[in-house]
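Remarks on the overall topology
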Amino acid sequence: MARSKVAIIGGGPAGSVAGLTLRKLGHEVTIYERLSLPRYRIGESLLPGTMSILNRLGLQEKIDAQNYVKKPSATFLWGQDQAPWTFSFAAPKVTPWVFDHAVQVKREDFDRLLLDEARSRGVTVHEDTPVTDVDLSDPDRVVLTVRQGGENVSVESDFVIDAGGSGSLLARKLGVRQYDEFYRNFAIWSYFRLKDPFEGDLKGTTYSITFEDGWVWMIPLKGDLYSVGLVVDRSKSAEVRARGADEFYTSTLAKCARAMGILNGAEQVDEVRIVQDWSYDTSLYSADRFFLCGDAACFTDPLFSQGVHLASQSAVSAAAAIDRITSHGDERDAVHAWYNRTYREAYEQYHQFLASFYTFASFTEPDSEFWRKRRITESDDDRLVRRQWFESLAANGPEASGGTVATFRDRASTMISIGRHQRPDLSDDFSEAELNAARVRWISDLTARLNNISRFRWSGGKAVLKPYYGVEPTGFRLEHREVLANEDGLDLTRYAMDDETRQIFQDLAEEEFGYRTLVKRLGAAGRQEQSTQLVIRLMEAGLLNGYDDNGDKVFIQGRLHFGGVGVEYEV
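What comes next is a walk through the structure. Quick caveat, the model's predicted, so the values are computed rather than measured.

**Quick notes on the packing of aromatic side chains**
A full pass over the atoms with the stated rule returns 29 aromatic pairs. Here the aromatic rings of phenylalanine 76 and tryptophan 85 are separated by 4.5 Å at their centres, their planes lie at 15 degrees, and the arrangement is stacked. We note that phenylalanine 76, like tryptophan 85, is buried. Considering the side-chain rings of phenylalanine 198 and tyrosine 207, the 6.2 Å spacing of their centres and the 50 degrees angle between planes classify their relative orientation as tilted. Phenylalanine 198 sits in the buried class, given a relative accessible area of 9%. Over the ring of phenylalanine 159 we find arginine 289, and its NZ or CZ is 5.3 Å from the ring centre.

Laid out in structure tokens, this is it:
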């Protein structure tokens, strides 16, 4: 088989996962890490999708041996006078690699574990070796300048992955970074000595708690530690400079009564740290012989702990893409188009998801600069001009499945109502089981709406199959697949399709039958378990519109998708 030599900048999760995946695929890999590990990093709360990737890379036993705090959920005290609600990670184990939990890690230990594992599997690792330049001018190779032993050394590779974090050398060199105008936040945090105050189903959960000036994260770590951070508006930077970081942190945290209640007088045991300018993406995620991964490519906001997951997901995708280009050089442009699209869509998905929750809270918190700036109410919001999700939202009519700007404040309401606690305050009496009634009500309402559809209309005259790619879940190879689309290029890339399924939708385009008939035909084609989800996704994508017996359009609330949880991982 064809084999490439790949240089990776950065030995964090993105770099190590990329290296492990490339080695699994049979390639030669060298990681250049500018520091010596272990070293401190923020980003301690993981998602089930990250656990799934590490499991499939064969790291489960080593992860388990660390005795990290098990994270069953994320819990939100989101909005003034709002009861707590919990986003549970519970999911049916439809495949061996689906996880119903994540872990809370100390990144010093976690990053060291991943890098050591990459080294043990044949990845060459150079620590204390910063990359100072990357030359992409030769179409047949990449030349890196690295600093080793006080001297500059040139090394060649077939491809380079920049997983070097927010200080990405390539993003700066290429001028592709774009800072976000909506999430103009900064974070300031420290650590407290505190045993988890809960023993029931809240044990190990992450807390996100709103207050007048922003919100607070609280993450339990092993050794009876809590990571406690404030996310506030960037305009507060001047106040930090005037008062000092310690004073600002202590006095601002004291404003969040619900966080102080959980801390209950706990001792602060570490210094105060600050990070700014963290919300950004890039105009180009890959091209020719380079790929950007993890924080080198983008970061949104820490509210749903997606940082390490996006890093791991992009690392697997970049490795699979390099493997595909190596063996199918004629597909290079198509593979880069796939990588750029899937990465951008993942970022956009998180961006919209987070914006909906900020908007929801902005209508419940006292009027303040932070919450006014995080409210979306106008279709000409200049802060969101580059966001594809907002462009679609602003263009929607009142009956569109994706909702409108006017209804955006309600987009988070469904998820919040499903996870809302029965008590107004946090309590060890909380049980995961108490959320079941709300879930059943939501499913029943959704089912009733779908069953009310007596006629579907396909967008466009034809249902066609369109070539695309997907990462094979156990071998991590990038494989050809076909997805459903119309003749105008509108598509649904989530599911691989075959001609038998395509013909069902072509028949629907010509005959316009209803939901029950559609589900029955999909079941006969071997898609029974997937049928309802497929229909909903097609409606969300704008490929299907449903109507009742009176000819009225049936509205299915566009769902807020959140990668890294549930049973449908991106990789």
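Alright, that's what it looks like, and here's the rest.
**Here's the deal with helix H14 (residues 436-451)**
For H14, with 16 residues, the first-to-last C-alpha span of 22 Å sits near the 22 Å given by 1.5 Å per residue. For H14, the set of buried residues is Ala438, Leu446 and Leu450. Projected onto a plane normal to the axis of H14, the buried residues spread over an arc of 105 degrees and lie on a single side. Residues of H14 that are exposed and angled more than 90 degrees away from the buried face: Val440 and Arg441. On its buried face, H14 sits against helix H13 (413-419), helix H16 (515-524) and helix H17 (531-540).

**Some details on the sheet that holds strand S21 (residues 290-292)**
In space, the six strands of this open sheet follow the order S7-S2-S1-S11-S21-S20, with mixed pairing throughout. Each edge of the open sheet is held by one strand with a lone partner, namely strand S7 (124-126) and strand S20 (286-287). Here three bridges tie strand S11 (residues 159-162) to S21, and the two strands are oriented parallel to one another. Across the sheet, valine 160 pairs through a bridge with phenylalanine 290, a residue of S21. On top of the sheet, helix H10 (residues 332-362) reaches S20 and S21; it is set at about 10 degrees to S21, its chief contact.

**A short note on the nonpolar core**
Trp78, Leu144, Ile161 and Phe357 are the most contacted members of the largest nonpolar core, which totals 125 residues. Tryptophan 78 has contacts with Trp85, Ser208, Thr210, Trp215, Leu303, Phe357, Tyr358, Phe360, Ala361 and Trp371, leaving out every residue within four places of it along the chain. Ile188, Phe211, Tyr249 and Leu263 belong to the second-largest nonpolar core, a separate cluster that totals 29 residues.

**Comments concerning the pattern of salt bridges**
Scanning the model with the defined rule gives 46 salt bridges in all. Salt-bridge contacts for glutamate 117 lead to lysine 62; the nearest nitrogen and oxygen are separated by 2.6 Å. Placement of the pair is glutamate 117 in helix H4 (residues 107-120) and lysine 62 in helix H3 (residues 60-65), with a sequence separation of 55 residues. Looking at glutamate 117, the relative accessible area reads 7%, which means it is buried. Where glutamate 181 meets arginine 184, a salt bridge forms, and the shortest distance between an N and an O atom there is 3.1 Å. Overall, glutamate 181 belongs to the partly exposed group, its relative accessible area being 39%. Judged by its relative accessible area of 32%, arginine 184 is partly exposed. It is possible to trace a salt-bridge network through shared partners that takes in Asp213, Lys236, Glu239, Arg243, Glu247 and Lys255.

Rules used in this analysis
Residues numbered from 1 in each chain as written. Predicted model: local features only at pLDDT ≥ 70, side-chain atom pairs only at ≥ 80, totals over all residues. Heavy atoms only, no water. Phe/Tyr/Trp six-rings, centres within 6.5 Å; stacked < 30°, edge-to-face > 60°. Buried < 20%, exposed > 50% of the residue type's maximum accessible area, 1.4 Å probe, protein only. Lys NZ or Arg CZ within 6 Å of the ring centre and 35° of its normal. Helix = DSSP H or I, 4+ residues; strand = E, 2+ residues; numbered from the N terminus. Expected span 1.5 Å × (residues − 1). Arc of directions from axis to C-beta. Contact = heavy atoms within 4.5 Å. Pairing = 2+ DSSP bridges. Axes fitted to C-alpha atoms, helices over the stretch in contact; angles between N-to-C directions. Core = buried A, V, L, I, M, F, W, Y, C linked by side-chain atoms within 4.5 Å. Salt bridge = Lys/Arg side-chain N within 4 Å of Asp/Glu carboxyl O.

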